[in-house]
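Structure assessment
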Amino acid sequence: MKGKILIIGLVIIAAMGFLGFKYQVQIKAQIEALMQTPDVSKSTRPFYIPLDKMVVSVESERTIYYVMMEVTLETKLEASIEGINYYMPVIQNSFVQNLSQRSYDTIRKNLKNIEQLQIEMLSGLDEELMRYEMNGIIDGVLITKLVVQ
């Protein structure tokens, strides 16, 4: 009788051990799934960096006009934000130079095709940042306001 009780006891202990191990593995897998965080470096959600407004004067045949432009930069890599902030004076200078070299008539034409102007501004900016080996950190230029007076 003592032998049967001992065998039953050992079977119960073994079953409890097996079930405990099985649930421990399931709980561990659930905890790991909850603890996983998305990889931000591969995020498809872009980051936006607004710039201060820029004002330049442009000449026409009769008078001088003022152009006010507000721009927001777009990047897909969070790591690029630090570089963009560091080179912000270079970036703003590139935009001011680009605008100031245009005539009034050219800017008026650009008002009808903002997308083309954005592409030209990004291209000029990339060329300027190439001097600092930082080209390609900006994925897009969004002109959020453009006023000609």
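For the structure, see preceding data.
Before going into details, it helps to say that this report is about the structure given with it. Everything numeric here is computed off the predicted structure, so don't read it as measured data. (Residues numbered from 1 in each chain as written. Predicted model: local features only at pLDDT ≥ 70, side-chain atom pairs only at ≥ 80, totals over all residues. Heavy atoms only, no water.)

**Some remarks on the packing of aromatic side chains**
Put simply, the test is: The aromatic pairing rule takes the rings of Phe, Tyr and Trp, using the six-membered ring of Trp, and pairs them if the centres are within 6.5 Å, calling planes under 30 degrees apart stacked, those over 60 edge-to-face and the rest tilted. Throughout this description, buried means an accessible area under 20% of the type-specific maximum (1.4 Å probe, protein chains only), exposed means over 50%, and partly exposed covers the range between.
Counted by the stated rule, this structure contains 3 aromatic pairs. Pairing Y86 with Y87 gives two aromatic rings, centres 5.0 Å apart and planes at 80°, and the pair type is edge-to-face. Overall, Y86 belongs to the exposed group, its relative accessible area being 63%. Taken together, the aromatic side chains of Y86, Y87 and Y132 make up a single cluster linked through ring pairs.

**Let's talk about the packing of helix α3 (residues 88-100) against helix α5 (residues 114-130)**
Note the following rule: Interaxial angles span 0 to 180 degrees and are taken between N-to-C directions of axes, which are lines fitted to C-alpha atoms, for helices over the stretch in contact. Each helix corresponds to a stretch of at least 4 residues labelled H or I by DSSP, and each strand to a stretch of at least 2 residues labelled E; elements are numbered beginning at the N terminus. Comment on the angle field: the value is read as roughly parallel under 35 degrees, roughly antiparallel over 145, roughly perpendicular from 65 to 115, and oblique elsewhere. Handedness of a helix crossing follows the sense of rotation of the near helix relative to the far helix, less than a right angle counterclockwise being left-handed and clockwise being right-handed. Only heavy atoms matter for contacts: two residues are in contact if any of them lie within 4.5 Å across the pair. For this classification, the nonpolar set comprises Ala, Val, Leu, Ile, Met, Phe, Trp, Tyr, Cys and Pro, the charged set comprises Asp, Glu, Lys and Arg, and every other residue, Gly included, is treated as polar.
Interhelical geometry of α3 versus α5 gives an angle of 130° and a closest axis separation of 9 Å. By the angle class used here, α3 and α5 are oblique. By crossing handedness, the relation of α3 to α5 is classed as right-handed. Between α3 and α5, the contacting residues are V90, I91, S94, F95, N98 and L99 on the first element and E120, M121, G124, L125, E128 and L129 on the second. Within the contact of α3 with α5, the residues separate by chemical class into 7 nonpolar, 3 polar and 2 charged.

**Re the pattern of salt bridges**
Filter applied, for reference: Salt bridges are defined by distance alone: a side-chain nitrogen of Lys or Arg within 4 Å of a carboxyl oxygen of Asp or Glu.
Counting across every chain of the model gives 2 salt bridges. Close ionic contact of R102 with E120 constitutes a salt bridge, the shortest N to O distance being 2.8 Å. Taken together, the residues R102 in the loop between α3 and α4 (104-110) and E120 in helix α5 connect sequence positions 18 residues apart. Taking relative accessible area as the criterion, R102 reaches 13% and is therefore assigned buried. We classify E120 as partly exposed; its relative accessible area is 28%. Residue E128 pairs with R131 through a salt bridge whose shortest N-O separation is 2.6 Å. Owing to a relative accessible area of 16%, E128 belongs among the buried residues under this scheme.

Any functional reading would require information that these geometric values do not contain.
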